[in-house]
Amino acid sequence: MHGQSKSKTETLSEEEIKQRAEKGQQILDSLHYFFKVRKNQVNQPEDQLAFSELMAKLCPEIATIYNYRREVLQTKFDHLGGLLKESKSIDAYKQLLKLIQSEFMLIAILLKQHPKSYTLWTHRQWMVLRSQEIDSLINSINQDDQFKLIEAIRQEYELCSKMLDRDERNFHVWNYRNWLSSISAFGKEDEFTKKKIEQNFSNFSAYHFRSKYFMKNYNQSENILERIKTEQILGLLPLPFNRLKEETELIQQAIYIQPKEHGVYLYHRWLAGVVQPYGVTKVEKVSNNSITLSFNRAVTNVENTFEIFNKENALKIINVRVEGSNAIISFEEQQVDNLKIKIHNQIYENGSLETTMSEDESSKFLIPSEIDITINNEGFTFTNTTQKEFQDATQEIYKYLDENIDFIKQVIEEEKENRFPYIQLLYLLQFKLRTQRLIDESKTSEIIKEALQHCQQLKKIQNDHQAQFLYDFWSQF
Amino acid sequence: MFQQQLVNHLPYLMALDKSKDLESIGYYLSEHLKVAGGYWTINAIACLNKLDDISEEKKQQLSKWLKECQNQDGGFGGNTNHDSHITNTHYAILLSFLLNCELDYEAAAKYVAARQRKDGSFEGDQWGEVDARFSYCGLSSLTLLNKRDLIDVKKAASYIKKCRNFDGSFGGIPDAESHGAYVFCCVGTLYLCEDLSFNIDELSMWIHERQTSKGGLNGRPEKLADVCYSWWMYSALCLLKREQWINQQALENYILECQDSDGGIADRPNNQADVFHTFFGLAALSLLNGDKYQLNPIDPAFALPKSILKNIPGASRFIQS
């Protein structure tokens, strides 16, 4: 029982109380009879669908009623489908259509009253799947007279739009819509989520599903390979750079309008965070059978990116283990004195689809480099060489981050007592720090110094555990 | 008018099964929620350390009824005659430990284990709805029954990790928006899977932002606070040992403010109290400052009193000290 004010429940007349008690008893009696039917303790009603419809309208949230109804429907679908298959019966076809349409209608009516019922949304999904099956059955026997599933699914999107007009954050509707998009392609999620955001910049559900849409639309392996052809290195980003910049403008506008809300910062942070390239910054340890490389950030999926040579002879890599931002490569044991390690971006260099399938959205932008290590009595020295074109791409990203940092600083100017832009700034500086490490490790101290100053400011506004955590985080550098 | 102390909730709770709330049709329509309602009521009474106030006769009667809710397939419905579902099977198991009555656990475990799908997720019943709530019910039930070997625990964890979003929190299915109640389901499942390898700080940051200016927690950005999220998210912070990430005193005060002076706790101040929010409010208070209110220590992973859990072989090793 959510959101029911206490005062509202105390103003019933005796007559009303009596009526409700009667209605209540009617519900209990009907359920009692329903369970007898369910257990075949009495004869099945002549019209099982009409009976269960009555029950569903009386008790719209009781799953057992829908379970019964689905069993009845399935039996009818099987029977009519069989007739259709055997004799191409027009009558069976018409009955099937009528069944499907009236079921969708019924659920729509019930959903209007109970828009957050898991039971009803599950039933609707089940119906979509059944109509898909029936559609392919009709297609397989009669090409001319189609059921027009496409039309039906379009109507489902309509329903979602209407329901989201009534409650723009109802996650049941959003999830259903998202599921529809996974089985059909008429969602226009780009347009739709943008419309919802423009209607209300505080609608985090729309930002959330927009990010999911971008990932699905731009992040399939084929898309990435296609983008590399036109955008070269920046094609490795999980969404086109221009698109990213447009989107950043949209969210910056939203932050200006709603600077005291959490959701807008989350989406902005996501956008700025997906552009982080990664690569090796340091050689940590070298021995005769292993080497530890340190990356600028935590890494995943780097198992197939290394080649190692000892005095120009290729070494057999036995295992690559990842621990946070370190990769520990073990190889066949031998006396090493001059090691060369080649780090490859398999997607960029070879169009390797396997690597692009990775679920980590920012794991594709690996900066290839060549590391030369000379081992001597005192230890080792190394040089790390990156191609110029990759350095240029990194600079572009650095510039994008800097623009966003400037933007947040402007927000702080207007919102001096608001913790959100400070926290956001600290995130952006962390992205910048990681990128800086790829460009010039020696210049990172300025970023750390700046971040610590902002941490102090944040602690003045909000002296709590989160502020302390952020302070501790930056102090460790 | 706001409460600053704990109201005596016992009379409210003890009267729940007698009072047919005739003014509300909701009473009749919640016929299918009786097993869940029984768990919330009895567990709330357990929170107050008053299980002994329930008569032996009443306990016997409840136990008999609970057994009748178990179906041929081993699962439980939300009441007698209702079809089985994993949530009700989980509630029934929890309630049986509170009432100290034996059910056919063997069959129940089989029913629950059969709900796991190839990808590690759990379906609610044979009709195939998938949700992280069901993963939690699965893991909790089978841990309590010491039957974890019936499922693939690793896969269960890997499915939950797919429910994690860019904001650091969790939704109910992959792609779904992060939601406070699913923080409990997902962190609870991962905790019971003994695999907390995700970015805990990022989640803590997100939970921190759920605390509203009035002290209560909301479930998503730009939504209203609600008492039940006190449990859903503070329990997760306890499991992750990040209790300090929110203002505990402010949350405690908020829960107290949502009390009805006649007993019971509502979702928000001045709203109608109900057993659901009464239980989750008390359980959260037990985690926050149980000693002060002389509440029974409740375990953040299982939502059962620790005193009961320590006698359950499968569960004892998961109890937090």
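Numbers given to residues run from 1 along each chain, matching the order in which its sequence is written. By the order in which they are written, chains take letters starting at A while ligands take numbers starting at 1. Side-chain atom pairs in this predicted model are given and counted only at pLDDT of 80 or more, local residue features only at pLDDT of at least 70, and totals for whole chains, interfaces and linings cover all residues. With hydrogens and water excluded, all non-hydrogen atoms of the structure serve as input to the side-chain values.

Chain B goes by Geranylgeranyl transferase type-2 subunit beta in an unreviewed UniProt entry, where it is assigned to Paramecium tetraurelia. UniProt positions are given in the numbering used here, feature names are shortened, and annotations may be inferred rather than shown by experiment. According to the UniProt record, the Sequence similarities (unreviewed entry) comment for chain B is "Belongs to the protein prenyltransferase subunit beta family." Recorded in UniProt under Subunit (unreviewed entry), the annotation for chain B is "Heterodimer of an alpha and a beta subunit."

For chain A, the name recorded in an unreviewed UniProt entry is Geranylgeranyl transferase type-2 subunit alpha, with Paramecium tetraurelia as its organism. Check the Catalytic activity (unreviewed entry) section of the UniProt entry for chain A; it says "geranylgeranyl diphosphate + L-cysteinyl-[protein] = S-geranylgeranyl-L-cysteinyl-[protein] + diphosphate". According to the UniProt record, the Sequence similarities (unreviewed entry) comment for chain A reads "Belongs to the protein prenyltransferase subunit alpha family."

Peer 1: What's the story with the overall build of chain B in this structure? I'm lost.
Peer 2: Looking only at helices and strands, chain B features 14 helices and zero strands. Here a strand is any run of E in DSSP of at least two residues, a helix any run of H or I of at least four, and the numbering for each starts at the N terminus. Going from the N terminus to the C terminus, chain B shows its helices and strands as α-α-α-α-α-α-α-α-α-α-α-α-α-α. Taken over C-alpha atoms, the radius of gyration is set against a globule rule of 2.2 Å times the number of residues to the power 0.38. A compact globule built from 321 residues would reach a C-alpha radius of gyration of about 20 Å, and chain B, at 19 Å, matches this within 12%. The buried share of chain B, taken over its 321 residues, is 66%. In this analysis, two residues are considered to be in contact whenever any of their non-hydrogen atoms come within 4.5 Å of each other. Within chain B, residue pairs in contact and separated by at least 24 positions form 65% of the contacts whose partners lie at least 6 positions apart. Surface exposure here means Shrake-Rupley accessible area, sampled with a 1.4 Å probe, where a residue is shielded only by the protein chains that are shown. Carbon and sulfur atoms form 47% of the exposed surface of chain B, whose accessible area is close to 11900 Å². Residues counted as positive are Lys and Arg, residues counted as negative are Asp and Glu, and His and the chain ends are not counted. Throughout, a charge is located at the NZ atom of Lys, the CZ atom of Arg, the CG atom of Asp or the CD atom of Glu. Taking the average location of the 31 positive side-chain charges in chain B and that of its 40 negative ones, the two points are 4 Å from each other. The cut-offs for exposure are 20% and 50% of the maximum accessible area for each residue type, with area from a 1.4 Å probe on protein chains only; residues under the lower value are buried, those over the upper are exposed, and the others partly exposed.

Peer 1: What is the right way to read helix 3 (residues 34–47) of chain B from this model?
Peer 2: Note that an α-helix has 3.6 residues per turn; residues three or four places apart therefore point the same way. An expected span of 1.5 Å times one less than the residue number is assigned to each helix. Taking 1.5 Å of rise per residue, the 14 residues of helix 3 of chain B would be expected to cover 20 Å, and the 19 Å separating its terminal C-alpha atoms lies within 8% of that figure. Taking burial as the measure, the 14 residues of helix 3 of chain B include 13 buried ones, the bulk of the element.

Peer 1: Where do I start with the domain arrangement of chain A in this structure?
Peer 2: One frequent convention defines the size of an interface as the accessible area lost when the parts assemble. Residue and element names in this part refer to chain A. Domain annotation for chain A reports domain 1 (24–187), domain 2 (189–218 + 239–273), domain 3 (280–385) and domain 4 (387–477). In this entry, domain limits derive from an automatic or database-based domain assignment. Look at where the C-alpha atoms of domain 3 and domain 4 centre, and you get two points 28 Å apart. Taken together, the contacts link nine residues of domain 3 with 11 residues of domain 4. Accessible area, probed at 1.4 Å, shrinks when two parts are joined; the buried area is that loss added up over both. Summed over both partners, the interface of domain 3 with domain 4 buries about 900 Å², with 67% contributed by carbon and sulfur atoms. By the criterion of area lost to domain 4, the three top residues of domain 3 are N296, F365 and I367, representing 49% of everything that side buries. Counted as salt bridges are all cases of a side-chain nitrogen of Lys or Arg within 4 Å of a carboxyl oxygen of Asp or Glu. Between domain 3 and domain 4 we count zero salt bridges in total. Whenever two N or O atoms come within 3.5 Å, that pair is a polar contact, provided that in protein one can donate a hydrogen and the other can accept it, and provided that, for residues adjacent in sequence, both atoms are side-chain atoms. Taken together, the links from domain 3 to domain 4 amount to two residue pairs in polar contact (both at pLDDT 80 or more). Each residue belonging to the side of domain 3 that touches domain 4 can be placed in one class, and the counts come to five nonpolar, three polar and one charged. The residue classification treats Ala, Val, Leu, Ile, Met, Phe, Trp, Tyr, Cys and Pro as nonpolar and Asp, Glu, Lys and Arg as charged. All others, Gly included, are polar.

Peer 1: Which parts of the structure should I look at to understand the sheet that holds strand 9 (residues 379–386) of chain A?
Peer 2: In any sheet, the strands associate via hydrogen bonds between backbone groups, in a parallel or an antiparallel arrangement. All names here are of chain A. Two strands make a pair as long as DSSP finds a minimum of two bridges between them. The five strands are arranged 4-3-7-8-9 in an open sheet whose pairing can be described as antiparallel. Here the strands that pair on one side only, and so sit at the sheet edges, are strand 4 (313–315) and strand 9. Sheet twist, expressed as the mean angle between neighbouring strand axes with direction ignored, is 25°. Relative to strand 9, strand 8 (residues 369–376) runs antiparallel, the two being bridged by eight bridges. The partner of S369 across the bridge, within strand 9, is T386. Axis angles are defined between N-to-C directions and span 0 to 180 degrees, where every axis is a line fitted to C-alpha atoms and, for a helix, only to the segment in contact.

Peer 1: I tried to follow the pairing of strand 6 (residues 326–331) of chain A on my own but got confused; where do I start?
Peer 2: Residues and elements named next belong to chain A. Pairing of strand 2 (residues 290–295) with strand 6 involves five bridges; the strand directions are antiparallel. Bridge assignment links S290 to a residue of strand 6, and that residue is S330. Here strand 5 (residues 317–323) pairs with strand 6 via six bridges, running antiparallel. Counted as the bridge partner of N319 is S330 from strand 6. Taking the residues that link successive antiparallel strands as the turn, the strand 5-strand 6 hairpin has two residues, and the phi of G324 there is positive, at about 65°.

Peer 1: Can you walk me through the interface of chain B and chain A in this structure?
Peer 2: Facing the 52 residues of chain B at the interface are 60 residues of chain A. When chain B packs against chain A, close to 5200 Å² is buried across both sides, 56% of that on carbon and sulfur atoms. Across the chain B-chain A interface, the total number found is four salt bridges. Between R419 of chain A and E209 of chain B there is a salt bridge, and its shortest N-O distance comes to 2.3 Å. Here chain B is connected to chain A by 26 residue pairs in polar contact (both at pLDDT 80 or more). Counted by class, the side of chain B that touches chain A contains 15 nonpolar, 13 polar and 24 charged residues.

Peer 1: For this particular structure, what's the right way to read the sheet that holds strand 2 of chain A?
Peer 2: All names here are of chain A. Spatially, 1-2-6-5 is the arrangement adopted by the four strands of the open sheet, whose pairing is antiparallel. Each edge of the open sheet is held by one strand with a lone partner, namely strand 1 (280–286) and strand 5. Going from strand to strand, the sheet's axes swing by 20° on average, the running direction of each strand aside.

Peer 1: Looking at this structure, I do not really get the environment of E332 of chain A. What am I missing?
Peer 2: Residues and elements named next belong to chain A. Along the chain, the position of E332 falls in the loop between strand 6 and strand 7 (338–343). For E332, a relative accessible area of 34% gives the class partly exposed. Separated by 42 residues in the primary sequence, E332 and S290 have C-alpha atoms spaced 8.4 Å apart. Once you skip the residues sitting within four places of it in the chain, E332 turns out to touch N288, A314, L315, K316 and I318. Among the polar contacts listed, one links the side chain of E332 to the backbone nitrogen of K316, at a separation of 2.9 Å.

Peer 1: What is the right way to look at the packing of aromatic side chains in this model?
Peer 2: The description of two aromatic rings rests on the distance between their centres and on the angle between their planes. Whether two aromatic rings pair depends on their centres lying within 6.5 Å, for rings of Phe, Tyr and Trp, where Trp uses its six-membered ring; planes under 30 degrees apart make the pair stacked, over 60 edge-to-face, and the rest tilted. This model, assessed by the stated rule, comprises 41 aromatic pairs over all chains. Ring centres of Y348 of chain A and F390 of chain A lie 5.3 Å apart, and the angle between their planes is 80°; on these two criteria the pair is classed as edge-to-face. Taken together, the positions of Y348 of chain A in helix 13 (residues 346–350) and F390 of chain A in helix 15 (residues 388–414) put the pair 42 residues apart, joining distant regions of the chain. Members of the aromatic cluster, connected to one another through ring pairs, are Y39, W40, Y91, Y136, F184, W231, W232, F276, F279 and F280 of chain B. Here the basic side chain of R177 of chain A rests over the ring of F192 of chain A, its NZ or CZ set 3.6 Å away from the ring centre. Two conditions define a charge sitting above a ring: the NZ of Lys or the CZ of Arg must be within 6 Å of the ring centre, and it must be within 35 degrees of the ring normal. The ring of Y111 of chain B has R115 of chain B sitting right over it, with the charged end atom 4.6 Å from the ring centre.

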